[in-house]
Amino acid sequence: MDALNPKVTSGWRHERGEASLSDVYRTVGTGRHSSRWRRAAAFAGPGYMVAVGYMDPGNWATSLAGGSKFGYALLTVALLSNLMAIVLQSLCARLAIASGRDLAQACRDAYPKWVSVPLWAFAEIAIIATDIAEVIGTAIGLNLLMGIPLELGVLITALDVFVILFLQKLGFRWVEAFIITLLGVIALCFGVQILLADPQWGSVITGFFPTTEIVTNPEMLYLALGILGATVMPHNLYLHSGIVQTRAYGHTVPEKKEALTYATIDSTVALCFALLINASILILAAAAFNAHGRTDIVELGEAHSLLSPLLGLAIAPTLFGIALLCCGLNSTVTATLAGQIVMEGFLKIRLQPWMRRLITRAIAIVPAAIVTIWYGDQGTAELLILTQVVLSLQLSFAVFPLVMFTASKAKMGELVAPRWLSGIAYVIAVVIAGLNVKLLLDFVTG
């Protein structure tokens, strides 16, 4: 089997063709003859890039609303969403390592054009919706910290494409280091804010246990569905199945199994970190707003302005703005990479790396800029929630193919997902589809 262009196995109709993210494909060494700790460290990174998508500004809007309205009660939804994400992202790594394909390439191979082209269109729409949320978050962060108008902030976010190009020239590890550094800043900011807010830790722990009120209270159910819809996002499935292949793991079955183990550990640990951030947003909203009788907070700007008078320290809103800016920057970088994976995987377009980045960025940034300028400074919360509804439309079109591919012995060979794992994944896929349909119906019926 050719290491650079694996031949067709019995489950695939065509050869893979160009590798996923070919300019950085297998560029990160894995230290095959090093200690286990060094090998595990070599695989650390992609999971944190994926984790970014689970704490983007769209999540902030739903978590702020949930925490301010219902206190700590919806922490259990954040935990459940994260457990679902851990399973799905482990399947993404399994698909990539076993087949040498990302999810977009797998869909192109498995389905006829009349199916794969609409799947590509849905994926692009999802990435545009994701990017709108992330661009708005970055622009709001710039506005809160530096007073830059929202419309100008949106255009400034387009410069992140050059950040990616510069860092990838240094090596993909630099991209990961940039992402992880910003994640560290976000964690530090929220850690300080939570200490200032001084939440009721007994209520926090209780909030992680499910309650029947989530189902019986329609308003709570709506916010719970919004948190779920904002957490598990389709572009992360494409992204993870591509960036896992930046590692130069071996081609034998034992080497692939080892790579899968380390990649799964990486994504699981990173997603637990993402849970801490998401839970922190909800805990902050509960302690700072709900505890003071402010149960109607949905706008990011409004939350920023109220933190200082409620917590009594001027640094609180500054930390909130810094965390939001870092979150927006991180998310736009990973969404751009996901856009490249989707376009190349579905359409097989061959372009220079810098041209690929510019095109995929333009596909997302232009609609985002138009919509944001149209909305202006008002209504950003409604727009963020709308992007999550759009994402819910596309999610199942990514989840079901992923689960079906990884459950196929013909496509996955000896790395086929165990039946128990496929069973859990199918349940998750059906639950996500059902809950998102409910969210859409609620949105349409008002």
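Here the structure is a predicted model, which means the values were calculated and not measured. (Residues numbered from 1 in each chain as written. Predicted model: local features only at pLDDT ≥ 70, side-chain atom pairs only at ≥ 80, totals over all residues. Heavy atoms only, no water.)

1. Here we look at the overall build of the protein
Per the secondary structure count, the protein includes 20 helices and zero strands. A buried classification covers 59% of the 446 residues belonging to the protein. Looking at the protein as shown, the accessible area adds up to about 17,200 Å², and 70% of this sits on carbon and sulfur atoms. (Helix = DSSP H or I, 4+ residues; strand = E, 2+ residues; numbered from the N terminus. Buried < 20%, exposed > 50% of the residue type's maximum accessible area, 1.4 Å probe, protein only. Areas by Shrake-Rupley, 256 points an atom, 1.4 Å probe, with all protein chains shown as cover.)

2. Here we look at the layout of surface pockets
Taken as a whole, the second largest pocket encloses approximately 240 Å³ of empty space. T76, V77, L80, I214 and A224 are the residues nearest the centre of the second largest pocket, which is lined by 15 residues in total. When residues of the lining of the second largest pocket are traced back to their parent elements, those giving at least two are α4 (75–99), α11 (213–216) and α12 (218–231). In terms of residues, the lining of the second largest pocket owes the most to one element, α4, which gives five residues. (1 Å grid on protein atoms, 1.4 Å probe; cavity = no way out; pocket = protein on both sides within 12 Å on 5 of 7 lines; lining within 4 Å. Points joined across faces, edges and corners; volume = space filled by probe spheres on them.)

3. Quick look at helix α1 (residues 36–43)
Of all the residues in α1, the buried ones are R39, A42 and F43. Viewed end-on, α1 has its buried residues packed into an arc of 95°, placing them on one side of the element. Turned more than 90 degrees away from the buried face of α1 sit W37 and R38, all of them exposed. For α1, the secondary structure elements touched by its buried residues are α2 (46–52), α9 (172–197) and α14 (253–288). One or two residues past the end of α1 sits G45, with phi positive at roughly 145°. (Arc of directions from axis to C-beta. Contact = heavy atoms within 4.5 Å.)

4. Here we look at the packing of aromatic side chains
Applying the stated criterion across every chain yields a total of five aromatic pairs. On the numbers, 4.6 Å between centres and 25° between planes, the contact of F122 with F397 is stacked. Taken together, the positions of F122 in helix α6 (residues 113–146) and F397 in helix α18 (residues 380–406) put the pair 275 residues apart, joining distant regions of the chain. What makes F397 partly exposed here is its relative accessible area of 36%. Through a chain of ring-to-ring contacts, three or more aromatic side chains come together here, namely W12, Y111 and F405. (Phe/Tyr/Trp six-rings, centres within 6.5 Å; stacked < 30°, edge-to-face > 60°.)

5. Let's talk about the packing of α9 against helix α16 (residues 315–347)
For any two helices packed against each other, the geometry is given by the interaxial angle and the distance between the axes. In contact at an axis separation of 9 Å, α9 and α16 are set at 155° when each is read in the N-to-C sense. Viewed along their axes, α9 and α16 adopt a mutual orientation that is roughly antiparallel. Crossing of α9 against α16: the hand is left-handed. Of the residues assigned to the contact of α9 with α16, the class counts are 23 nonpolar, three polar and no charged. (Axes fitted to C-alpha atoms, helices over the stretch in contact; angles between N-to-C directions. Parallel < 35°, antiparallel > 145°, perpendicular 65-115°, else oblique. Left-handed = near helix turned anticlockwise from the far one by under 90°. Nonpolar A, V, L, I, M, F, W, Y, C, P; charged D, E, K, R; others polar.)

6. Regarding a nonpolar patch on the surface
On the surface, a nonpolar cluster with roughly 540 Å² of combined accessible area is contributed by L152, L155, I156, L159, F162 and L358. At three residues, helix α7 (residues 150–156) tops the list of elements feeding residues into the nonpolar patch. The topology assignment puts L358 in helix α17 (residues 353–375). (Patch = residues over 30% accessible without salt bridge, like charges linked within 9 Å, V, L, I, M, F, W, Y side chains within 5 Å. Salt bridge = Lys/Arg side-chain N within 4 Å of Asp/Glu carboxyl O.)

7. Observations concerning the packing of α6 against helix α13 (residues 234–243)
Running from N to C, α6 and α13 cross one another at 105°; their axes reach a closest spacing of 9 Å. Considering the angle they form, α6 stands roughly perpendicular to α13. On α13, the residues touching A123, A126, I127, T130 and E134 of α6 are P234, H235 and Y238.

8. Some words on α16
Its 33 residues give α16 an end-to-end C-alpha distance of 48 Å, which sits within 8% of 48 Å, the value for a rise of 1.5 Å per residue. Here α16 lies mainly inside the structure; 28 of its 33 residues are buried. Positioned one or two residues after α16, K348 has a phi angle of 60°, which is positive. (Expected span 1.5 Å × (residues − 1).)

9. Remarks on the nonpolar core
General note: in soluble globular proteins, nonpolar side chains tend to be found buried as a group. Judged by nonpolar contacts, the single largest core of 129 residues is most densely connected at W60, L74, L103, Y238 and F289. Residue contributions to this core peak at 17 residues, all from α14. (Core = buried A, V, L, I, M, F, W, Y, C linked by side-chain atoms within 4.5 Å.)

10. Brief notes about the pattern of salt bridges
Counting across every chain of the model gives three salt bridges. As a salt-bridge pair, E258 and R39 come within 2.9 Å of each other at their nearest N and O atoms. With E258 in helix α14 and R39 in helix α1, this residue pair connects regions lying 219 residues apart in the sequence. According to the relative accessible area criterion, E258 is partly exposed, its value standing at 29%. For R39, a relative accessible area of 11% translates into the label buried. For R173, the salt bridge goes to E176, with nearest N and O atoms at 3.1 Å. You can see R173 and its partner E176 sitting in helix α9, three residues apart, about one turn around the helix.

11. Overview of the environment of F190
Looking at the element boundaries, F190 is found in helix α9. Residue classification places F190 among the buried positions, given a relative accessible area of 1%. Separated by 90 residues in sequence, F190 and S280 place their C-alpha atoms 6.4 Å apart. Each residue touching F190, except ones within four places of it in the same chain, is listed here: W60, I277, S280, I281, L284 and A323.

12. Here's the deal with the environment of R36
Position of R36 among the secondary structure elements: in helix α1. Separated by 226 residues in the primary sequence, R36 and Y262 have C-alpha atoms spaced 9.5 Å apart.

13. Focus on the confidence of the model for the protein
A residue-level look at the protein finds 89% of positions with pLDDT of 70 or above and a mean pLDDT of 83. Here residues 1–8 is modelled with pLDDT under 50, and outside its nearest four sequence neighbours on either side it reaches 14 contacts, counting other chains as well. (pLDDT = per-residue confidence, 0-100.)

14. Overview of the side chain of N236
Position of N236 relative to the elements: it lies in helix α13. Overall, the relative accessible area of 0% leaves N236 in the buried class. From its side chain, N236 meets the backbone oxygen of V50 in a polar contact 3.3 Å long. The residues touching N236, leaving out its near neighbours within four places in the chain, are V50, G53, Y54 and Q89. (Polar contact = N/O pair within 3.5 Å; in protein donor to acceptor, adjacent residues only side chain to side chain.)

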